[in-house]
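Residue strings, one per chain:
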Protein chains: 2
Amino acid sequence: MQTATPTPATTAAPIRFFERAQRAVGDESAATRALCSTCHLKDLCLPCGLNGVDLERLDGLKFARRRVKEGQALYHEGDRFQFIYAVRSGTFKSTLNLRDGREQVTGFQMAGELLGLDGLAAGKHASSAVALEDAEICAIPYAHLSELAATSAELQHVISRLMSREIVREHSLMMLLGSMNAEERLAAFLLNISQRMKARGYSASEFHLRMSRAEIGSYLGMKLETVSRTFSAFAQQRLLEVDKKHVRITDLPGLQRAFDLRVQ
Amino acid sequence: MQTATPTPATTAAPIRFFERAQRAVGDESAATRALCSTCHLKDLCLPCGLNGVDLERLDGLKFARRRVKEGQALYHEGDRFQFIYAVRSGTFKSTLNLRDGREQVTGFQMAGELLGLDGLAAGKHASSAVALEDAEICAIPYAHLSELAATSAELQHVISRLMSREIVREHSLMMLLGSMNAEERLAAFLLNISQRMKARGYSASEFHLRMSRAEIGSYLGMKLETVSRTFSAFAQQRLLEVDKKHVRITDLPGLQRAFDLRVQ
DNA sequence: CGTGGATTTGAGCGTAATCAACGCAGGTGG
DNA sequence: CCACCTGCGTTGATTACGCTCAAATCCACG
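Conventions used here
Residues numbered from 1 in each chain as written. Chains lettered and ligands numbered in written order. Predicted model: local features only at pLDDT ≥ 70, side-chain atom pairs only at ≥ 80, totals over all residues. Heavy atoms only, no water. Helix = DSSP H or I, 4+ residues; strand = E, 2+ residues; numbered from the N terminus. Buried < 20%, exposed > 50% of the residue type's maximum accessible area, 1.4 Å probe, protein only. Contact = heavy atoms within 4.5 Å. Core = buried A, V, L, I, M, F, W, Y, C linked by side-chain atoms within 4.5 Å. pLDDT = per-residue confidence, 0-100. Buried area = accessible area lost by both parts, 1.4 Å probe. Salt bridge = Lys/Arg side-chain N within 4 Å of Asp/Glu carboxyl O. Polar contact = N/O pair within 3.5 Å; in protein donor to acceptor, adjacent residues only side chain to side chain. Pairing = 2+ DSSP bridges. Near = heavy atom within 4 Å.

Asks: Got a minute to help me understand the overall build of chain A in this structure?
Replies: Scanning chain A from N- to C-terminus turns up nine helices and eleven strands. Classification of the 264 residues of chain A by burial places 55% in the buried group. Expressed as a percentage of contacts within chain A between residues at least 6 apart in sequence, the contacts between residues at least 24 apart total 73%.

As structure tokens, this is what we get:
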């Protein structure tokens, strides 16, 4: 399990050096010149809420697209903060390193979601981001983005809103970790994934989890065995069918009942 | 205990109506015309990192100071987002309401810290803020602040950094809730309070907690009895002396050892 | 085909939750 | 002034949920 071993196996993959080099010089050299206004994710991602002049202005943003292989890190805890990353495809996990070598997962990011906002605070990334499957991202130079934001109050507002959304998201996670039991946590997690899949045009009731039981457990504050057991319990209650990473929710209202015993 | 009863006893205090009225009209009418550049909190608060022209520009910001009595809410979950609040004196708690009437504490705010940033995401506050003692705040109209930010990249950057700091703060709290036991949690909490007291010119080793055992427990994801027991355990280990809300840390390194068993 | 990683399941245990009782301080009213 | 009440904190006894340790299975991959 990658979380126990101190080797950089999954967090850096075989081609770590190449990846680092790519990060350093590849930013301007991408063949694809990407435009936000024509991106199929524009309603989920950075441009969300913008239109007309402001959206066009966003096209002035120069950024590179980059592929990230499964297991590769987009950035590591402590790396200098330079880019905001937008996920184009694939799934990422954000993690903090614990002193004892274990990792704490602080979030999962899907297409259209932003990564790296935690780096603003201190100019260094406070967490690491690792691809859970082959992925593609846009690397947006923060300096450039904030220049652009200075010319558009709307864009500025959008960025602030996205950061605020992150704060709110973490609030609910705190609620989850602070006051829910294992079943409620996993139900909340699955319902959240379900919603996000739906928002991306995928089925809300049937999907592949990209993360391992251990990663789900770390995120939800429980051990992998408990995650597995809770999946089995849900299956036995006929709330869902589960086969490893494949999940089919068969009783959405039931799952919601399991969840909102507590939550507003 | 206020968290169990559905009555608005502590969260709204006897003069709730007055407070609401005050909030609606009192914003412009404050006698004190406050300036950030001369505020004794300028190194902790919004102006942190600004100087020269940018700091002067911040003085263009029109905002009201307001007193908030113990138990009064600055805003409630669901209230329209209009202001960012800066704590001038006193302590606040931020809370989410759970469906069953209980509350989840998501943070404690002291002098120089900002409140209300979670409201940007949806234009409505996602949490409530309640004074734990008589307090004074600056209510900064967000619309006005963002206007001003449009004229200064530096100010813009400061605001983003403050939001990012909030995200990072919540990351560590997630780590705490996700992977620490009762002793580690309380130790982390006390060390954090200690640091923040120190940064405000108070003693780092001796202070009054403004929050109840139940509120600490809610924040740390444990029951009030466990908080109490853990305090007693620390006292027995001669790490600190405790008498109700008064705490004196007698072995700071020892407390840190109790804490950083896990954390980086 | 063998190996290693991921998942599931079981058994026993430990930590923190629950339930309960008590002490103390502050406020209220007779 | 004292009896009473209420809120908060502490402590004890018991319980339960999730953790730990362990073993078996499944699957991908070399």
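On we go.
Asks: Would you mind going over the nonpolar core with me for this structure?
Replies: Burial of nonpolar side chains together is a common tendency in soluble globular proteins. Grouped together as the largest cluster of nonpolar side chains are 66 residues, with contacts concentrated most on F189(A) and F189(B). Residues in contact with F189(B), not counting those within four places in the same chain, are F108(B), L209(B), M211(B), I216(B), Y219(B) and L220(B). Judged by nonpolar contacts, the second largest core, of 58 residues, contains A34(A), I84(A), L155(B) and M163(B).

Asks: Just to check I follow, could you spell out the confidence of the model for chain A for this structure?
Replies: Do not read the predicted coordinates in detail wherever pLDDT is low. Per-residue confidence for chain A gives a mean pLDDT of 86; residues scoring 70 or more make up 86%. Within the model, the stretch residues 1–31 of chain A combines pLDDT values under 50 with 46 contacts to residues more than four positions away or in other chains.

Asks: What's the story with the interface of chain B and chain A in this structure? I'm lost.
Replies: Interface size is commonly expressed as the accessible area that is lost once the parts come together. The interface is formed by 44 residues belonging to chain B together with 44 residues belonging to chain A. Of the roughly 4000 Å² buried between chain B and chain A, counting both surfaces, carbon and sulfur atoms make up 62%. Applying the counting criterion to the chain B and chain A interface returns zero salt bridges. Run the count over chain B and chain A and you get nine residue pairs in polar contact (both at pLDDT 80 or more). At the level of elements, strand 4 (92–97), strand 5 (103–109), helix 4 (142–151) and helix 5 (153–179) of chain B are the ones that each hand at least two residues to the side of chain B that touches chain A.

Asks: What am I meant to see in the pairing of strand 7 (residues 128–131) of chain B here?
Replies: Within a regular beta strand, the side chains point alternately toward one face of the sheet and then the other, so they alternate between its two faces. Residue and element names in this part refer to chain B. Residues S128 and V130 point to one face of strand 7 and A129 and A131 to the other, with burial holding for every one of them. Relative to strand 7, strand 2 (residues 73–75) runs antiparallel, the two sharing two bridges. Residue pairing in the sheet places Y75 in a bridge with A129 of strand 7. Sheet topology note: the strand 4/strand 7 ladder contains four bridges and is antiparallel.

Asks: Sorry, what's going on with the protein's contact with DNA strand D here?
Replies: Near DNA strand D there are 18 residues, and of these A182(A), T226(A), R213(B), S228(B) and S232(B) occur at the shortest range. Between a phosphate oxygen of DNA strand D and a main-chain N or O atom of A182(A), the distance comes to 2.6 Å. Separating a phosphate oxygen of DNA strand D from a side-chain N or O atom of S232(B) is a distance of 2.5 Å. Only helix 8 (224–236) of chain A together with helix 8 (224–236) of chain B provide two or more residues apiece to the surface near DNA strand D. The biggest single contributor to the surface near DNA strand D is helix 8 of chain B, with five residues.

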